[in-house]
Amino acid sequence: MDSNSTKQIPCDLTYVTLRAAFLLTLDGLLRYSLEPSKSERAGSDLLHFYPPLSGMAPQIQMETVLQTWNRWSHSGSPNLTPLEARILYAATELLASLATDRQNPLLRVVFEGPRDVHHLNDHWLPSRVRCLQLSRENGISRGILQELTITSAPQEQILASECPAFEGEVLEALGRWRVQPQMLQWADGLLTDDEMELVRDFFEEHPCLFG
């Protein structure tokens, strides 16, 4: 494998990671719209993989996934904001989980996106995902691990403000309900035309979540 191919694998894996995150947030958003009073949605919630942010509205989860993709796709290796770093951590945990289940239908859809990355969809995928997670440079990874440790004790009630990086945009995202109008512009290169149309139609039917 030449050096260019070696460099391309992490790029493709990040693309796959964020596609998996988008698809799960879309599923969670559609489920939530059908059953808004249902509180337990862990099976279709990206932040099942990052419990400290579990209160974030599903449409804001989707917005942050697309924002992270937009920043990464335009710079290759951006300095992630605290919120984006946590969303990417959850997305990587999601892909690692999907990669261990070759029969998961969501994994098949992940690889049916606009980029041809079928060369990654083999028995090495779980190892590749974990290697990417370990090698990714992240200046606030210690804060992420600390937050996960704090919230892992079920007998304790932890306020978001007690976590070291739960400030600024992170707290703002937890309190937001409406997505930003430019959200769909951030999806270029990550979503298929049909997926883009599905998201557009959804927010047209639910204008209270948009703008």
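Residues numbered from 1 in each chain as written. Predicted model: local features only at pLDDT ≥ 70, side-chain atom pairs only at ≥ 80, totals over all residues. Heavy atoms only, no water.

**Q** A description of the packing of helix 3 (residues 82–99) against helix 5 (residues 125–135) should follow, citing residues and the corresponding values.
**A** Between two packed helices, the angle of one axis relative to the other and the distance separating the axes together describe the packing. The N-to-C vectors of helix 3 and helix 5 enclose an angle of 160°; their axes lie 8 Å apart at closest approach. By the angle between their axes, helix 3 is roughly antiparallel relative to helix 5. Here the hand of the crossing between helix 3 and helix 5 comes out left-handed. Taking contact as the criterion, the partners of Tyr89, Thr92, Glu93, Leu95, Ala96 and Ala99 in helix 3 are, on helix 5, Leu125, Pro126, Val129, Arg130 and Gln133. Each residue belonging to the contact of helix 3 with helix 5 can be placed in one class, and the counts come to seven nonpolar, two polar and two charged. (Axes fitted to C-alpha atoms, helices over the stretch in contact; angles between N-to-C directions. Helix = DSSP H or I, 4+ residues; strand = E, 2+ residues; numbered from the N terminus. Parallel < 35°, antiparallel > 145°, perpendicular 65-115°, else oblique. Left-handed = near helix turned anticlockwise from the far one by under 90°. Contact = heavy atoms within 4.5 Å. Nonpolar A, V, L, I, M, F, W, Y, C, P; charged D, E, K, R; others polar.)

**Q** Can you break down the pattern of salt bridges residue by residue, with the values?
**A** For the structure on display, the rule yields nine salt bridges. Between Asp12 and Arg115 there is a salt bridge, and its shortest N-O distance comes to 3.0 Å. With a gap of 103 residues between them, Asp12 in helix 1 (residues 3–34) and Arg115 in the loop between helix 4 (105–110) and helix 5 connect regions that are remote in the sequence. (Salt bridge = Lys/Arg side-chain N within 4 Å of Asp/Glu carboxyl O.)

**Q** Could you give an account of the packing of aromatic side chains, naming the residues involved and the relevant values?
**A** According to the stated counting rule, one finds five aromatic pairs in the structure shown. Measuring from centroid to centroid gives 5.8 Å for Tyr50 and Tyr89, while their planes differ by 70°, and the two rings are edge-to-face. Note that Tyr50 is positioned in the loop between helix 1 and helix 2 (58–75) and Tyr89 in helix 3, a separation of 39 residues in sequence. Measuring from centroid to centroid gives 5.7 Å for Phe203 and Phe210, while their planes differ by 45°, and the two rings are tilted. Take Phe210: its relative accessible area is 27%, and that puts it in the partly exposed class. Among the aromatic side chains, those forming a connected cluster through ring pairs are Tyr15, Trp69 and Trp72. The side chain of Arg115 reaches across the aromatic face of Tyr15, ending 4.8 Å from its centre. (Phe/Tyr/Trp six-rings, centres within 6.5 Å; stacked < 30°, edge-to-face > 60°. Buried < 20%, exposed > 50% of the residue type's maximum accessible area, 1.4 Å probe, protein only. Lys NZ or Arg CZ within 6 Å of the ring centre and 35° of its normal.)

**Q** I'd like a description of the nonpolar core, backed by residues and values.
**A** As a rule of thumb, soluble globular proteins bury nonpolar side chains together. Core analysis: the largest hydrophobic core is formed by 59 residues, its most contacted members being Phe22, Met62, Leu66, Met183, Val199 and Phe203. Among all residues touching Phe22, those that are not within four sequence positions of it are Met62, Val65, Leu66, Leu190, Leu191, Glu195 and Val199. (Core = buried A, V, L, I, M, F, W, Y, C linked by side-chain atoms within 4.5 Å.)

**Q** So what's going on with helix 3? Residues and values would help.
**A** The terminal C-alpha atoms of helix 3, which comprises 18 residues, lie 26 Å apart, in line with the 26 Å expected from a rise of 1.5 Å per residue. Of all 18 residues that make up helix 3, 15 are buried, and the element is covered over most of its length. (Expected span 1.5 Å × (residues − 1).)

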